[in-house]
Amino acid sequence: MKYLKINTEDNADLAALQNAVLQLKGVASAEIIDDENPESELKKAFAKTKEQLKKGDYETLVNDIFDIITKNNSKK
């Protein structure tokens, strides 16, 4: 899986941007992640945990959590 990171200005309409990106061919999902509030990323990762476990998608689950932990530690 590949990711595209888009940096926005403070006044950007994130919902409209998310909807536009979802309309593109080949886009499976689009998430709004607030780098200013890393705790929200961790909450989102754990919210996805239940579904990932049901699907047996353990590798993605571990990678998501690892990415968040290492990202937060590198900011300290």
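One can find the structure itself at the top, above this paragraph.
Every residue gets a number counted from 1 within its own chain, in the order that chain's sequence is written. It should be noted that, the model being predicted, local features are given only for residues of pLDDT at least 70 and side-chain atom pairs only at 80 or more, the latter also being counted only at that level, while totals for whole chains, interfaces and linings use all residues. As a rule here, side-chain values come from all non-hydrogen atoms in the structure, and water together with hydrogens is ignored.

## Structural notes on the overall build of the protein
Counting its secondary structure elements, the protein contains 3 helices and 0 strands. When the helices and strands of the protein are listed from N to C terminus, the series reads α-α-α. Evaluated residue by residue, the protein yields a buried proportion of 12% over its 76 residues. The contact rule is simple, with two residues in contact once any of their heavy atoms fall within 4.5 Å. Of all intrachain contacts in the protein linking residues separated by at least 6 positions in sequence, the fraction that spans at least 24 positions is 19%. For the protein, the exposed area adds up to about 6700 Å²; of that, 55% sits on carbon and sulfur atoms. Under the scheme used here, helices are H or I runs from DSSP no shorter than 4 residues and strands are E runs no shorter than 2 residues, and both carry numbers assigned from the N terminus. The rule is simple: take the accessible area with a 1.4 Å probe, protein chains only, and divide by the maximum for that residue type; under 20% is buried, over 50% is exposed, in between is partly exposed. In short, Shrake-Rupley with a 1.4 Å probe defines the accessible areas, and a residue's cover is counted only from the protein chains shown.

## A look at the layout of surface pockets
Here the largest pocket is characterised by a volume of approximately 1700 Å³. Here a cavity means grid points, on a 1 Å grid over the protein atoms only, where a 1.4 Å probe fits yet cannot get out; a pocket means an open set of points with protein on both sides within 12 Å along at least five of seven lines; lining residues are those with an atom within 4 Å of a point. Looking at the largest pocket, it is lined by 40 residues, and the ones nearest its centre are Tyr3, Leu4, Glu31, Ile32 and Ile33. Within the residue set of the lining of the largest pocket, elements represented by two or more residues are helix H1 (14–22), helix H2 (38–55) and helix H3 (58–74). A per-element tally of the lining of the largest pocket places H2 first, with 7 residues. When the residues that make up the lining of the largest pocket are grouped by side-chain class, the tally is 16 nonpolar, 7 polar and 17 charged. Grid points are joined across faces, edges and corners, and a volume is the space filled by probe spheres set on the points. In this count, Pro and Cys sit with the nonpolar residues alongside Ala, Val, Leu, Ile, Met, Phe, Trp and Tyr, while Asp, Glu, Lys and Arg are called charged and the others, Gly among them, polar.

## Overview of the environment of Thr60
If you trace the backbone, Thr60 turns up in helix H3. Since its relative accessible area comes to 28%, Thr60 is described here as partly exposed.

## Things to note about a nonpolar patch on the surface
Here a patch means residues that are over 30% exposed by relative accessible area and free of salt bridges, tied together within 9 Å if like-charged and within 5 Å if nonpolar (Val, Leu, Ile, Met, Phe, Trp, Tyr). We count a salt bridge whenever a side-chain nitrogen from Lys or Arg sits within 4 Å of a carboxyl oxygen from Asp or Glu. Together, Leu4, Ile6, Leu14, Leu17 and Ile32 give the surface a local cluster of nonpolar side chains, amounting to about 420 Å² of exposed area. When you line up the elements, Ile6 lands in the segment before H1. With relative accessibility at 43%, the residue Ile6 sits in the partly exposed group.

## A closer look at the side chain of Gln52
Note that Gln52 resides in helix H2. By relative accessible area, which is 8% here, Gln52 ends up buried. Contact partners of Gln52, with chain neighbours within four places excluded, come to Asp57, Thr60, Leu61 and Asp64.

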